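# Structure at a glance
Residue strings, one per chain:
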Amino acid sequence: MLAVFILYLAITVFIAWWYSRGEKTNSTFILGQKKFGGPALALSERATGESAWLLLGLTGHAYSEGISAIWVALGCVLGIIFIWLVMAGRLQKKTDQTGALTVPGLLGKSFPGAERNIRLLSAVIIVFFFVFYIAAQFSGSGKVLHKTFNLDPVWGILIGSVIVTLYCMMGGFVAVVVTDVFQAILMIFTLVVFPFIALMVATSNDIHLLQAIEQAGTSHLSLTAGKSGMTAFLFILSGLSWALGYSGQPQLLTRMMAIRNQHDVKPARIVAILWTLLAYAGAIMIGLFGIGFVQNGYLGSESARLADDAEKILPVMVMMFVNPILAGVLLSGVISAMMSTASSELTVSSASITEDILHRTFRSAFSDKKQLLLNQLMTLAVGVIAIILALTLTETVYGLVSYAWSGIGSSFGPALLLLLFWKKFSRAGVYASLITGTTSTVIWKYFFEASTGVSERLVSFIAAGFMALLFSVLLPEKEQKITQLQQPRSCCPR
């Protein structure tokens, strides 16, 4: 199993190195210069979007909560379908119109005169929340390597995080996309193959899944976790609210910005949606099968340990039921989820710092080579900060991702949706969305979520959307946005 895992790491680094050869420019490092087709970018977006949270967080959530975890999965699936069916084509067009390399750049270039301030504010928000998001992925690697090889979690975090940081520095966006494609294949293999293995084990041992889930607790067999009335409604709404954040995640939306043309959008949609349906069904089933095995005593002494950390259910089951070679492949899929997400967030964070903060502030001071070097150094700096957080924070992977997801999605989601679909959206609305999304996430998370039972994902998105609309109406745009000013070019030079 260790040999398979080492081989996986070696292949990942080799792929990143191979496709990173040759002369690099800053724009290639940030967005790849339209080198990839739609299906490759779709797989990259899915590998990026489904982090350690899916293979550890959601499987653990289904194991600890039962079938009520379906609302979280459904919220995520609906969000993914929405961004690919509704937003992808418009984002690709908008990127071609503006020439933006980042999501902050896309917002800023749409409002001439406010570009610098919008980009600075956007970049600060991205970096702030992404260090928590990256830390969650590094923490996930520590859990898997600890359970698999009895490796100290500190060393597990360091191994995964150092490799990710190094190959991101090596090739930027290009290295991330090509490794994402490889990792997306591994992830879907784990999420499709292992539920079938679990089903065969359960069938051969006469384990009745629904009966076992009911034995774990009456709430486990309830779609509302035993809640009723308004409490049940808010519970369902909280799970479905995961859908809202997808519309504002820069690490996902940059894949759509990088699509070459409109022709490539359709096959990308098909690949992304099919992958998503298979992956989420598999993750929920793994968690539910975990309940069945624990209730029937098939996980032995590990059952007591899972009471302290449900997010280890997948590694525990893989170790228990699969031969070492296949176990190494399946668990490499789990590590792939962490590495693909962390790598994308590292490159987005470094690009935001260099392209949207430093380059905008000291425009005349940086050549393309200096910007490329700065991007690589910022990748290293963000990686180090995330490693420190992963080593010191005690929050679960699920909790860390939920917090970062809420902050980023609520800040950028309303702004991007209104930018793409409402002509009267103003720069005041952009500021309102960014500021309200960030502050409401932090305030609600730490002061109101526990007492109300309402997720910050829902409250912060609604608040940011309302304020963006309100300020756009109160302070309308006096100048036409860049998309309205540009006219189609003549076919012949003048």
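What this report covers is the structure whose coordinates are included nearby. Everything numeric here is computed off the predicted structure, so don't read it as measured data.

## Section: the pattern of salt bridges
For the structure shown, the criterion picks out six salt bridges. For K445, the salt bridge is made with E449, and the minimal N-O distance between the two is 3.8 Å.

## Let's talk about the packing of aromatic side chains
By the definition in use, this model includes 18 aromatic pairs. Look at F5 and Y8: their rings are 6.2 Å apart centre to centre, the planes differ by 35°, and that puts the pair in the tilted class. With a gap of three residues between them, F5 and Y8 both fall in helix α1 (residues 2-19), about one helical turn apart. Y8 shares its class with F5; the two are buried. When the centroid spacing of 6.1 Å and the interplanar angle of 85° are considered together, the rings of F130 and Y133 count as edge-to-face. Note that F130 and Y133 are positioned in helix α7 (residues 115-149) at a spacing of three residues, about one turn of the helix. Residue F130 shares its accessibility class with Y133, and that shared class is buried. A network of ring pairs unites the aromatic residues F128, F129, F132, Y403 and Y446 as a single cluster.

## Thoughts on the packing of helix α5 (residues 70-98) against helix α10 (residues 229-240)
α10 packs onto α5 with a crossing angle of 40° between their chain directions and a minimal axis gap of 6 Å. Between α5 and α10, the angle is such that the two are oblique. Contact residues: α5 offers W71, V72, L74 and G75, while α10 offers F235, I236, G239 and L240. Classifying every residue of the contact of α5 with α10 gives six nonpolar, two polar and no charged.

## Notes on empty space enclosed by the protein
For the structure on display, the rule yields two cavities of 30 Å³ or more. Here the second largest cavity defines a volume of roughly 40 Å³. Forming the boundary of the second largest cavity are G49, E50, S51, W53, C76, Y133, W242, Y246, Y280, V401 and W405. Broken down by class, the residue content of the lining of the second largest cavity amounts to eight nonpolar, two polar and one charged.

Parameters and conventions
Counting starts from 1 at the beginning of each chain's written sequence and moves along it residue by residue. Residue-level local features of this predicted model are given only where pLDDT is at least 70; pairs of side-chain atoms are given and counted only at 80 or more, and the full residue set underlies all totals for whole chains, interfaces and linings. As a convention, hydrogens and water are excluded, and side-chain values are obtained from all of the structure's heavy atoms. What counts as a salt bridge is simple: a side-chain nitrogen of Lys or Arg found within 4 Å of a carboxyl oxygen of Asp or Glu. In summary, the pairing rule links any two rings of Phe, Tyr or Trp, Trp by its six-membered ring, whose centres are within 6.5 Å, and it sorts them by plane angle into stacked for under 30 degrees, edge-to-face for over 60 and tilted for everything else. Runs of H or I in DSSP of at least four residues are treated as helices and runs of E of at least two as strands, each being numbered from the N terminus. Exposure classes here rest on a 1.4 Å probe applied to the protein chains alone. A residue is buried below 20% of its type maximum, exposed above 50%, and partly exposed in between. To get an axis, fit a line to the C-alpha atoms, keeping to the stretch in contact for a helix; angles then go from 0 to 180 degrees between the N-to-C directions. Angle categories: roughly parallel below 35 degrees, roughly antiparallel above 145, roughly perpendicular from 65 to 115, and oblique for all the rest. Any pair of residues with heavy atoms lying within 4.5 Å of one another is described as a contacting pair. Ten residue types, Ala, Val, Leu, Ile, Met, Phe, Trp, Tyr, Cys and Pro, are classed as nonpolar, four, Asp, Glu, Lys and Arg, as charged, and the remainder, Gly among them, as polar. Think of a 1 Å grid over just the protein atoms. A cavity is a set of points where a 1.4 Å probe fits yet cannot get out, a pocket is an open set with protein on both sides within 12 Å along at least five of seven lines, and lining residues have an atom within 4 Å of a point. Grid points are joined across faces, edges and corners, and a volume is the space filled by probe spheres set on the points.

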